[in-house]
Amino acid sequence: MGLTIPTLLTRTSNDLPATEDHPTATESFRSIPVLANPALTDLGVWNIFLNPDMPNPQAKIRAILCNEHLPAACPPDSVLLDETIARYKTPGLRDLGHSAPYMHNGQFATLNDAVGFYLGASSLARAGTLRNGINALRGIALLPADIAPLVAFLKSLNEDYQ
C-alpha cells in the first residue's frame, strides 16, 4: 500500500500538526512511523509550509524554496509544497539552548522534550517496532535520569551573550 500525500488543494487542517486553532488534528504526517501503523510518516517542512496556523516562517521558507529556481521563475505554491516533502532543518549544537523549537520540524518546545523523544524512539528501535528507524537509534541507551544531565551539557554549548 502506497502513502497518499495530500496536495495543496486536498490538504486539510486535520492533515497538519495540531495547533491551538486545530487541537484535534491527527498529525499523521508528523508522526513517528511504526510497524503497527504504516500510514504514519513525517513529511518535515511540508507540515509547516503554507500552514495557515503557522504564519511566521512562511516568507523565509518561500524565499529558500524560490532561491533554488531561476530568480524570476518561482513556481506556484502547489509545486513548492511538493518540494518541501521530506525536507528538514537540523541546526548544529552551538547555541542549541537558544534555538527552540527543536527537532527538524519544530515539534518540541524544550530540549527536555527533544531528548526525551530519543529515549522513546531508541526503545522502539531496540524492540523492532520503529518503522524505518536507523540502526544508530538502537545504540542509544538513555534512562529518564539521563535527560537532565544531557540537557545541561547541551545548554553549556550556548555562547554567553551578556
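Conventions adopted
Residues numbered from 1 in each chain as written. Predicted model: local features only at pLDDT ≥ 70, side-chain atom pairs only at ≥ 80, totals over all residues. Heavy atoms only, no water. Helix = DSSP H or I, 4+ residues; strand = E, 2+ residues; numbered from the N terminus. Buried < 20%, exposed > 50% of the residue type's maximum accessible area, 1.4 Å probe, protein only. Contact = heavy atoms within 4.5 Å. Salt bridge = Lys/Arg side-chain N within 4 Å of Asp/Glu carboxyl O. Disulfide = S-S within 2.5 Å. Phe/Tyr/Trp six-rings, centres within 6.5 Å; stacked < 30°, edge-to-face > 60°. Lys NZ or Arg CZ within 6 Å of the ring centre and 35° of its normal. Core = buried A, V, L, I, M, F, W, Y, C linked by side-chain atoms within 4.5 Å. Arc of directions from axis to C-beta.

S.K.: Go over the overall build of the protein, please, and point to the residues and values.
M.R.: Along its length, the protein carries five helices and zero strands. Starting at the N terminus and ending at the C terminus, the protein contains elements arranged as α-α-α-α-α. By its C-alpha atoms, the protein is 50 × 50 × 30 Å across when sized along the principal axes. Out of the 162 residues belonging to the protein, those deemed buried represent 33%. Restricting the contact set of the protein to residue pairs at least 6 apart, pairs at least 24 apart contribute 52%.

S.K.: Give a detailed account of the pattern of salt bridges, specifying residues and quantitative values.
M.R.: Should their charged atoms come close, side chains of opposite charge can pair. Scanning the entire structure with this criterion turns up four salt bridges. Salt-bridge contacts for Glu-159 lead to Arg-94; the nearest nitrogen and oxygen are separated by 3.7 Å. Here Arg-94 lies in the loop between helix 2 (77-83) and helix 3 (111-127) and Glu-159 lies in the segment after helix 5 (147-155), a separation of 65 residues in the sequence. The partly exposed category is assigned to Glu-159, whose relative accessible area is 38%. On the accessibility criterion, Arg-94 (60% relative accessible area) is exposed.

S.K.: So what's going on with the state of the cysteines? Which residues, and what values?
M.R.: Per the stated rule, a full pass over the model turns up one disulfide. Disulfide pairing places Cys-66 opposite Cys-74 at an S-S distance of 1.8 Å. Residues Cys-66 and Cys-74 are joined by a disulfide whose S-S torsion is about -55°; by sign, that bridge is left-handed. Taking relative accessible area as the criterion, Cys-66 reaches 16% and is therefore assigned buried.

S.K.: For the packing of aromatic side chains, give the residues involved together with the corresponding values.
M.R.: Tallying each qualifying case throughout the model produces three aromatic pairs. Measuring from centroid to centroid gives 5.1 Å for Phe-117 and Tyr-118, while their planes differ by 80°, and the two rings are edge-to-face. Overall, the relative accessible area of 33% leaves Tyr-118 in the partly exposed class. What links up through ring pairs into an aromatic cluster is the set Phe-108, Phe-117 and Tyr-118. The ring of Trp-46 carries Arg-11 above its face, with NZ or CZ at 4.8 Å from the centroid.

S.K.: Tell me about the nonpolar core, and please be specific about residues and values.
M.R.: The biggest cluster of nonpolar side chains holds 17 residues, and the ones touching the most others in it are Tyr-102, Phe-108, Leu-111 and Val-115. When contributions to this core are tallied by element, the ones reaching two or more residues are helix 3 and helix 5. Ignoring sequence-local partners within four residues, the contact set of Tyr-102 consists of Leu-96, Gly-97, Gln-107, Phe-108, Ala-109, Thr-110, Leu-111 and Ala-114. Leu-16, Leu-43, Phe-49 and Leu-81 belong to the second-largest nonpolar core, a separate cluster that totals 12 residues.

S.K.: Run through helix 1 (residues 58-66), naming residues and quoting values.
M.R.: For helix 1, every residue scored as buried is listed here: Gln-58, Ile-61, Leu-65 and Cys-66. What you see down the axis of helix 1 is that its buried residues fit within an arc of 130°, all on one side. Across from the buried face of helix 1, at angles greater than 90 degrees, the exposed residues are Ala-59 and Lys-60.

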